[in-house]
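Close look at the chain arrangement
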Amino acid sequence: MNLRHIEIFHAVYVNGSVSAAARMLNVSQPSVSKVLRHAESLLGFQLFDRTGGRLIPTDDAHTLFAEVREIQDRVYALRAASRNLKRGAGAILKISALPSLTLDLVPGAVAQFLRTHRTVKFDLQTIHHEDLLRKLYERETDVAIAYEVPQDAPLASQYLGSGELMVLYRESEMPDAPPRVPLEDLAGKPLISLATSGPIGVLFTSEIERRGIELDEVVSARTFHIATALVRQGVGMTVVDSFTAMASLTPGLAMRPLAPRLTFDIHAIYLQNRPPTALATDFVKALARRVEAVSVI
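Residues numbered from 1 in each chain as written. Predicted model: local features only at pLDDT ≥ 70, side-chain atom pairs only at ≥ 80, totals over all residues. Heavy atoms only, no water.

Looking at an unreviewed UniProt entry, one finds the protein chain named LysR family transcriptional regulator, with Tsuneonella flava as its source organism. Checking UniProt for the protein chain, the heading Sequence similarities (unreviewed entry) contains the comment "Belongs to the LysR transcriptional regulatory family." (UniProt positions renumbered as here; feature names shortened; annotations may be inferred.)

Okay, structure coming up:
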């Protein structure tokens, strides 16, 4: 007997009729009868006597049911465990992201995800590019959200979307700012530099050097949080990713994309031999939708 035979036999035994078993399993009566006859053919003996429109278990069926009940209970337990895994009941998702993505993007995705996955718990932490591999290898995180996938490492990744660089400034400093600010217009203005802040800093600095633009870098900040705080204090303007700029807007501040457009990608990164669980995959998809929604605002 295979599992289908066992399931049909169990349903007919506990319900006493083919019709009731069919309703319980949400299948047709003919399919139940066919599987039951096939099981009896394989076994070489009858499982039920047909009496007065009901099925009466034979002595052999009573003996067999004692074994079948334990198997069926295990099948039910397996199904329940599978449903719990899909819903994430009691699960903990360990997600790491670059600091610039934890200001608003990742928290927003987590908040949306928890509305439909109330039993899931999150372990969230910030991560820097130089620590990404170690965090994954040491299993401190399941998925890392970053701009670049480290090369020559046993990693896999999923593209989540893209963003672009923005200039964040006090409105009083550029009251007539165009829809896109040419890089050349930043020359001579007090700038809070993020040149050492990873891929975003490299992207901006490389384009500035390529164009031979001289900037007035009044402060060199190591984090996006410090840079945006300095902008609010009137120290100068800064160039950050679109997600940081959007999360940092307060009354009196404004942001504009640059000309030319400088873009970057966002990836969910994980070990090749440890792909995300079904639950983690669902969250990554939710994060990708969040990236898309924020990018078009």
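From this point, the discussion proceeds with the structure in view.
It is worth spelling out the pattern of salt bridges at this point. Should the charged atoms of two oppositely charged side chains come close, the side chains can pair. Under the defined criterion, the tally for this structure stands at 12 salt bridges. Here E207 ties to R211 by a salt bridge, and the two come within 2.7 Å at their closest N and O atoms. With E207 and R211 both in helix α7 (residues 199–211) and 4 residues apart, the pair spans about one turn of that helix. Ionic contacts of the salt-bridge type, sharing partners, join the residues R134, K135, E138 and E140 into one network. (Salt bridge = Lys/Arg side-chain N within 4 Å of Asp/Glu carboxyl O. Helix = DSSP H or I, 4+ residues; strand = E, 2+ residues; numbered from the N terminus.)

Attention shifts here to the environment of L132. By the secondary structure assignment, L132 is in helix α6 (residues 132–137). Residue classification places L132 among the buried positions, given a relative accessible area of 1%. Measuring from C-alpha to C-alpha, the distance between L132 and I145 comes to 9.2 Å, with 13 residues separating the pair along the chain. Filtering out sequence-adjacent residues up to four positions away, L132 remains in contact with I127, A144, A146, P150, L155 and I269. (Buried < 20%, exposed > 50% of the residue type's maximum accessible area, 1.4 Å probe, protein only. Contact = heavy atoms within 4.5 Å.)

The subject of this paragraph is empty space enclosed by the protein. One pass over the structure, following the stated rule, counts 1 cavity of 30 Å³ or more. Taken as a whole, the largest cavity encloses approximately 40 Å³ of empty space. What lines the largest cavity is L165, S193, L194, A195, I200, G201, F204, T205 and V239. Partitioning the lining of the largest cavity into residue classes produces 6 nonpolar, 3 polar and no charged. (1 Å grid on protein atoms, 1.4 Å probe; cavity = no way out; pocket = protein on both sides within 12 Å on 5 of 7 lines; lining within 4 Å. Points joined across faces, edges and corners; volume = space filled by probe spheres on them. Nonpolar A, V, L, I, M, F, W, Y, C, P; charged D, E, K, R; others polar.)

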